[in-house]
Amino acid sequence: MAILSHSIDLDFDRSHLWHPYTSVTNPLPVYPVSRAYDVFLELEDGRKLIDGMSSWWAAIHGYNHAVLNEAIVSQMQRMSHVMFGGLTHEPAVNLAKQLIALTPHSLEKVFLCDSGSVSVEVAIKMAIQYWAALGATSKNKLLTVRSGYHGDTFAAMSVCDPVTGMHSLFKGTIQEQFFAEAPACRFHEPCTEEDLADIRMMLERHHWEIAAVIIEPVVQGAGGMRFYAPHYLVMLRELCDSYDVLLIFDEIATGFGRTGRMFALEHAGIAPDIICLGKALTGGYMTLAATLTTDRVAETICSGNPGVFMHGPTFMANPLACAVASASISLLISYDWQTSVRRLETGLLTGLEPCRELSSVLDVRVLGAIGVVELYRPLDMAVVQKQFVDQGVWVRPFGRLVYLMPPFIMHDEELGILTAAVCNVVKTMR
Ligand SMILES: *Cc1c(COP(=O)(O)O)cnc(C)c1O
């Protein structure tokens, strides 16, 4: 196939393209990928890497999946996009039906938008418009916990961890919000009133100016890959209710099975007022996110002035993205994904366990199809990245964290190669 024989212009890439969180004048090397299928990324030189990242939580079914490809192709032959203002279409309606059926039954109203960060902006706007409609205009700030990550746009950044989120850099530009201590009770440990003392105090003092608490349920992702006790959320729900503050769950990373439940909130058995979904929503094919809320929140927003919700992106409910999201959800619920995730959990536990003994390792933890090796010291990304590629795997650590979140379809043998590669690389650290 002639089209594959073109080589990627790496010099041009190096001189002109920004990559995530990277210098454009002195960038780290990037690896040219020519195709991806199943759990493999194929580099231009023909090397095949086993993918340990699911392209940042997204590609749960692996790459180049026949069912997902077909969903996009057949939708494209009808229409790729039409504006959502004044028009609607089957892919959006079908996807909304699926999302309402899968999420807690109180979440009934769906806003489809471009990306995870935008869905967080939408959730924050919903919370502020809710209180404005009730005449509580002072309630326009957010309360969150440290070590969180909610995206890179300004309102989302304002609720990211203030240190790792580099708030000092944008001081004066980003809204100052309230931060409580991160949940300290670990996933399998009990959680007591004491663990919520800080957040309770913040609510007590500031509830009159707080629209909502925003938090990643059970798993704090990019802010530190921390897993905390579901019972924390049960108590937080009660606190939010008693202080009249809305609760927003950011399930962008955790949604669609990653933690062993369809949504991480199911570990706690409670529902938020607003939920953000993204990443695995389209099975990693396209950018799309959704913000769902309750009838109460939606109706209150629309009862106020101006009586409408103030958001409407150009590519809202893009039919291609909605079609592939629907297909991805149908695919997920068509098989016993819980058993796959449990199998990966076991493989991650046994495969990463040997790392625990290493002197460079602070902690090893696994939840669902997420495996984390936390080191004492940050590692040198350029060196480590090459070590992984040389071993035939794609793993992208950050800071002191080496972590795996493989596609659910990965076989035990491939997972064994991945976890062995992690242990081999971590062994070289000191
Ligand atoms: C990735 C992520 C976001 C941001 O989503 P984007 O699609 O990158 O904008 C927000 N919250 C959480 C928890 C995430 O993991």
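Calculation rules
- Residues numbered from 1 in each chain as written.
- Predicted model: local features only at pLDDT ≥ 70, side-chain atom pairs only at ≥ 80, totals over all residues.
- Heavy atoms only, no water.
- Helix = DSSP H or I, 4+ residues; strand = E, 2+ residues; numbered from the N terminus.
- Expected span 1.5 Å × (residues − 1).
- Buried < 20%, exposed > 50% of the residue type's maximum accessible area, 1.4 Å probe, protein only.
- Contact = heavy atoms within 4.5 Å.
- Pairing = 2+ DSSP bridges.
- Axes fitted to C-alpha atoms, helices over the stretch in contact; angles between N-to-C directions.
- Domains from an automatic or database assignment.
- Buried area = accessible area lost by both parts, 1.4 Å probe.
- Salt bridge = Lys/Arg side-chain N within 4 Å of Asp/Glu carboxyl O.
- Polar contact = N/O pair within 3.5 Å; in protein donor to acceptor, adjacent residues only side chain to side chain.
- Nonpolar A, V, L, I, M, F, W, Y, C, P; charged D, E, K, R; others polar.
- Phe/Tyr/Trp six-rings, centres within 6.5 Å; stacked < 30°, edge-to-face > 60°.

Peer 1: Where do I start with helix α9 (residues 231–242) in this structure?
Peer 2: Three- or four-residue spacings in an α-helix give side chains the same orientation, since the helix completes a turn every 3.6 residues. With 12 residues, α9 extends 17 Å from end C-alpha to end C-alpha; this agrees with the ideal 16 Å at 1.5 Å per step. Along α9, the residues classified as buried are Y232, L233, V234, M235, L236, R237, L239 and C240. Those residues of α9 that are buried lie in contact with β5 (141–145), α8 (197–206), β7 (210–215) and β10 (246–250). Just downstream of α9 lies D244, where phi reads positive at about 55°.

Peer 1: Explanation requested: the sheet that holds strand β13 (residues 361–367) in the structure shown.
Peer 2: Hydrogen bonds between backbone atoms are what pair the strands of a sheet, whose relative direction is either parallel or antiparallel. Strand order in the open sheet formed by three strands is β13-β14-β16, and the pairing between neighbours is antiparallel. Of all the strands in the sheet, the pair left with one neighbour each is β13 and β16 (401–404). For this sheet, the mean inter-axis angle between neighbouring strands, taken without regard to orientation, is 10°. Of the pairings in the sheet, the one linking strand β14 (residues 370–375) to β16 comprises four bridges and is antiparallel in character. Counted as the bridge partner of V372 is Y403 from β16. Across the sheet, helix α12 (residues 337–352) lies against β13, β14 and β16, angled at about 165° from β13, the strand it touches most.

Peer 1: What should I look at first to understand the domain arrangement of the chain in this one?
Peer 2: It is common to give the size of an interface as the accessible area that goes away when the parts come together. Domain assignment breaks the chain into domain 1 (10–64 + 336–427) and domain 2 (70–333). Distance between the C-alpha centres of domain 1 and domain 2: 26 Å. Buried surface at the junction of domain 1 and domain 2, summed over both partners, amounts to about 2300 Å²; 67% is from carbon and sulfur atoms. When the area that domain 1 buries against domain 2 is broken down by residue, the three leading residues are W57, W337 and L367, summing to 35%. In this assembly, domain 1 and domain 2 are joined by one salt bridge. A salt bridge links D363 to R186, with the shortest nitrogen-to-oxygen separation between them at 3.2 Å. Viewed at the interface, domain 2 and domain 1 are joined by 10 residue pairs in polar contact (both at pLDDT 80 or more). Mapped onto the side of domain 1 that touches domain 2, the elements with two or more residues apiece are α3 (54–57), α12, β13, β14 and β16. Along the lines of polarity and charge, the residues of the side of domain 1 that touches domain 2 split into 19 nonpolar, five polar and two charged.

Peer 1: Hey, could you run me through the packing of aromatic side chains in this one?
Peer 2: Any pair of aromatic rings gets described here by the distance separating the centres and the angle formed by the planes. Taken as a whole, this structure holds eight aromatic pairs when the rule is applied. Aromatic side chains F111 and F309 sit 5.5 Å apart centroid to centroid with 85° between the ring planes, which places their arrangement in the edge-to-face category. Residue F111 is located in strand β4 (residues 107–113), and its partner F309 is located in the loop between α10 (295–303) and α11 (319–334); the two are separated by 198 residues in the primary sequence. Each ring, one from Y228 and one from Y232, has its centre 5.4 Å from the other, and the planes form 80°; the classification is edge-to-face. Taking relative accessible area as the criterion, Y232 reaches 0% and is therefore assigned buried.

Peer 1: Please clarify how the pattern of salt bridges should be interpreted in this entry.
Peer 2: Side-chain pairs of opposite charge can arise whenever the charged atoms involved come near each other. Applying the stated rule across the entire model yields 17 salt bridges. With a shortest N-O distance of 2.6 Å, K109 and D295 are connected by a salt bridge. You can see K109 sitting in strand β4 and its partner D295 sitting in helix α10, a full 186 residues away along the chain. For K109, a relative accessible area of 37% puts it in the partly exposed group. Its salt-bridge partner being R365, residue D363 comes within 2.7 Å of it at the nearest N-O pair. Judged by relative accessible area, which is 11%, R365 ranks as buried. Through salt bridges with shared partners, one network takes in R186, E353, R356, D363, R365, E374 and R400.

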